Amino acid sequence: MNKRDLVKKLGVSLLLVGMVITAGCSQKDEVTSEKEKAVKIYKWKMVTTWPKNFPGLGTGANNVAELITKMSGGRITVKVYGAKELVPAFEVFDAVSRGTAEMGHGAAYYWKGKNEAIQFFSTVPFGLTAQEMNGWLYHGGGLKLWTEVYAQYNLVPAAAGNTGVQMGGWFNKEINSLADLKGLKMRIPGLGGEVFKRAGGTPVNLPGGELYTALQTGALDATEWVGPYNDLAFGFYKVAKYYYYPGWHEPGTTLEAIINKEAFDALPEDLQEIVLSACKIVNQDMLAEYTARNNAALNTLVNEHKVQLRAFPDDVLKELRKISDEVVAELAGKDETAKRIYTSFKKYREQVNDWHEISERAFMRARTLK
Ligand code: CA
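In short, a report on the structure. (Residues numbered from 1 in each chain as written. Predicted model: local features only at pLDDT ≥ 70, side-chain atom pairs only at ≥ 80, totals over all residues. Heavy atoms only, no water.)

Okay, the coordination of the calcium ion next. Taken together, the protein donors to the calcium ion comprise Q166 (OE1), E224 (OE), E224 (OE), W225 (O) and E250 (OE), at separations of 2.1 to 2.8 Å. Look at where the donors of the calcium ion fall in the sequence and you get Q-x57-E-W-x24-E. With Q166 in the loop between β4 (155-162) and β5 (169-171) and W225 in the loop between β8 (222-223) and α8 (228-234), the pair connects residues that are 59 residues apart, well separated along the chain. (Donors = N, O, S within 2.8 Å, 3.2 Å for Na, K, Ca; no water. Helix = DSSP H or I, 4+ residues; strand = E, 2+ residues; numbered from the N terminus.)

Encoded structure:
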């Protein structure tokens, strides 16, 4: 073997040894890292848009945290922070996106300033009920789109609670026509707020914890919040006379859990599944809780606190629905993402409406036939 061949052979051998070492290392690193991940204790923080321990919403966030800890046998602990404890209510999205906290709990329509299309993932006026929303998210392509959109913000989304159909809101005057909404300053978030604006009102968005004082001082003329169970807890009956239904603007609002994407990706697969499963459990449980508690709270409001319960007149609802359809369709024209979400949502709503016409609606009617 001449010198040149020897150098060549040696080079190839070294290269092969190098490849084996490299492969060995990477396999070893991966195994070690998976083992490390499995035994590591993850200490997470969850920031929320709700007052700490607020019935339904705040306790729902607590339930997500507790379930994650229990189901993981303590491998992840999640400490929950109420609004303003770590960050203000409306900074939850940014805080989780940049990793100040690993998780957040809120509602997608609070972040419409980021991307208006995000609002489809909380609620749309005259849109979907809770049951329908879950159908769209889990089996109609909704969650897939949501995941895709939130990835741009370094977030993983999960449905983590639903209020069911909300109430129309608290007013100090009767609403007999659309003209009665003109000039009213009302807390009403999301797309419902835009509809209210086109009907002549002034929508504002404030965190729940600020609503009572705003109504009391006259900073607001009217407000909506959730439904009887939550509205009783805030004591709105002390500062408003009329309680209107139905919540045309929020027919089944999905609350969201958001997870910092890097924190999520760093988890072993079983813990990722536990985090998402805990959200799914609470998504269903919160709806069950509202369904069970709303009517008792409504009775207390009407019988003990003498609240005047009122239905929006049909003409008002028809006009609001017309404006809502325009607002939602316009949103679809904003960009390609909004169009894709709208197209999926609209197609789903049409088919589920046909089905529910002969199932849910027909049954509800049958149950009360005289
Ligand atoms: Ca609401």
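Another aspect to go through is helix α11 (residues 314-332). Taking 1.5 Å per residue as the helical rise, α11 with its 19 residues ought to reach 27 Å, and the 27 Å between its terminal C-alpha atoms agrees with that figure. If you check which residues of α11 are buried, you get V316, L317, L320, I323, S324, V327, V328, L331 and A332. Looking at the buried residues of α11, the elements they touch are α6 (190-198) and α12 (336-358). (Expected span 1.5 Å × (residues − 1). Buried < 20%, exposed > 50% of the residue type's maximum accessible area, 1.4 Å probe, protein only. Contact = heavy atoms within 4.5 Å.)

What follows is about the pattern of salt bridges. Opposite charge on two side chains permits pairing when their charged atoms draw close. Inspection of the entire model under this criterion finds 14 salt bridges. A salt bridge links R198 to E330, with the shortest nitrogen-to-oxygen separation between them at 2.7 Å. Here the residue R198 occupies a position in helix α6, and E330 occupies one in helix α11, the gap between them amounting to 132 residues. Judged by its relative accessible area of 38%, R198 falls in the partly exposed class. On the basis of relative accessible area, E330 is assigned to the partly exposed category, the value being 44%. Taking the shortest distance from any N to any O, the salt bridge between E289 and R293 comes out at 2.9 Å. With E289 and R293 both in helix α10 (residues 269-304), this residue pair falls four residues apart, about one helical turn. (Salt bridge = Lys/Arg side-chain N within 4 Å of Asp/Glu carboxyl O.)

This brings us to the nonpolar core. The biggest cluster of nonpolar side chains holds 109 residues, and the ones touching the most others in it are W44, M103, W136, Y150 and W225. Ranked by residues supplied to this core, first place goes to α10 with 11 residues. If we ignore the near neighbours within four places in the chain, the residues touching W44 are I76, T77, V78, K79, E102, M103, I259, A263, F264, L267 and V275. (Core = buried A, V, L, I, M, F, W, Y, C linked by side-chain atoms within 4.5 Å.)

Here strand β3 (residues 103-106) shows two buried faces, one formed by M103 and H105 and the other by G104 and G106. Strand direction decides the pairing type here: strand β1 (residues 42-48) and β3, joined by three bridges, are parallel. Opposite M46, over in β3, you have M103 as the bridge partner. One ladder, built from four bridges, connects β3 with strand β10 (residues 254-260); its direction is antiparallel. Directly across from G104, in β10, lies its bridge partner I258. (Pairing = 2+ DSSP bridges.)

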